[in-house]
Amino acid sequence: MKTDFVLGFEYACYLWRRADLETVPCNIYRVAQILTDAGIHVYEVNPAGWLRCEPRPLGVREALTGEFTDHYLCGTDYPPEIPGLVLRKISEKSTPTSTIL
């Protein structure tokens, strides 16, 4: 079982399609910020243009595309993931909570 997932800046730019984000990420640190905000633990960010995070390729894809994915990397050696979990977390963060006075 794999213990991490390495994501390069070029592939991150390819996946970067979420409507609530800027057109392209400015650098790999911005990608790491988006993954962290989506609940994906980032272990290492390298200024050469890659990062290492927890082994959640489906979650990474959902965090960057904003699209539901239930078949990405099926049959690989990654731990099982719950499709839509990252999208749910993003949605919860973007929904403002109001306080009733």
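First things first, this report covers the structure right here in the doc.

Parameters at a glance
- Residues numbered from 1 in each chain as written.
- Predicted model: local features only at pLDDT ≥ 70, side-chain atom pairs only at ≥ 80, totals over all residues.
- Heavy atoms only, no water.
- Pairing = 2+ DSSP bridges.
- Helix = DSSP H or I, 4+ residues; strand = E, 2+ residues; numbered from the N terminus.
- Buried < 20%, exposed > 50% of the residue type's maximum accessible area, 1.4 Å probe, protein only.
- Core = buried A, V, L, I, M, F, W, Y, C linked by side-chain atoms within 4.5 Å.
- Contact = heavy atoms within 4.5 Å.
- Salt bridge = Lys/Arg side-chain N within 4 Å of Asp/Glu carboxyl O.
- Polar contact = N/O pair within 3.5 Å; in protein donor to acceptor, adjacent residues only side chain to side chain.
- Axes fitted to C-alpha atoms, helices over the stretch in contact; angles between N-to-C directions.
- Parallel < 35°, antiparallel > 145°, perpendicular 65-115°, else oblique.
- Nonpolar A, V, L, I, M, F, W, Y, C, P; charged D, E, K, R; others polar.

1. Points about the pairing of strand β2 (residues 42-46)
And then number 1: Examined bridge by bridge, β2 and strand β3 (residues 50-53) share four bridges and lie antiparallel to one another. Bridge pairing in β3 links E44 to R52.
And then number 2: Two successive antiparallel strands, β2 and β3, enclose a turn made up of three residues, where G49 displays a positive phi of approximately 110°.

2. Quick word on the environment of S91
And then number 1: Inspection of the secondary structure puts S91 in helix α4 (residues 85-94).
And then number 2: Accessibility expressed as a relative area gives 40% for S91, which makes it partly exposed.
And then number 3: Considered as a pair, S91 and A38 are 53 residues apart in the sequence and their alpha carbons are 9.5 Å apart.

3. Digging into the pairing of strand β1 (residues 5-8)
And then number 1: Across the two faces of β1 the burial differs, with F5 and L7 buried and V6 and G8 not buried at all.
And then number 2: Bridge count between β1 and β3: four bridges; the pairing is antiparallel. Across the sheet, residue F5 finds its bridge partner in β3, namely C53.

4. Observations regarding the nonpolar core
And then number 1: Core analysis: the largest hydrophobic core is formed by 22 residues, its most contacted members being L7, V31, L35, L51, V60 and L64.
And then number 2: Put simply, the parts of the chain that give this core at least two residues each are β1, α1 (9-15), α2 (28-37), β3, α3 (57-65) and α4.
And then number 3: Top contributing element to this core by residue count: α2, with five residues.
And then number 4: Those residues within four positions of V31 in sequence are excluded, and the remaining contacts are L7, F9, A12, W16, P25, L51 and L64.

5. Description of the pattern of salt bridges
And then number 1: Per the stated rule, a full pass over the model turns up eight salt bridges.
And then number 2: Across the salt bridge formed by R56 and E54, the nearest N and O atoms sit 3.7 Å from each other. For the residue pair R56 and E54, the accessibility class agrees, reading buried in each case.

6. Some details on the side chain of T65
And then number 1: Looking at the secondary structure, you find T65 in helix α3.
And then number 2: Under the relative-accessibility criterion, T65 is labelled buried at 4%.
And then number 3: Polar contacts involving the side chain of T65 include one to the main-chain carbonyl oxygen of R61, which spans 2.7 Å.
And then number 4: A polar side-chain atom of T65 sits 3.0 Å from the main-chain amide nitrogen of E67.
And then number 5: Leave out the neighbours within four places in its chain, and T65 touches L15, R17 and R18.

7. Points about the packing of α2 against α3
And then number 1: At a minimum axis separation of 9 Å, α2 and α3 run at an interaxial angle of 105°. Regarding the angle of α2 to α3, the classification is roughly perpendicular. Every residue of α3 that contacts α2 at V31, I34 and L35 is listed here: V60, A63 and L64.
And then number 2: A per-class count over the contact of α2 with α3 returns six nonpolar, no polar and no charged.

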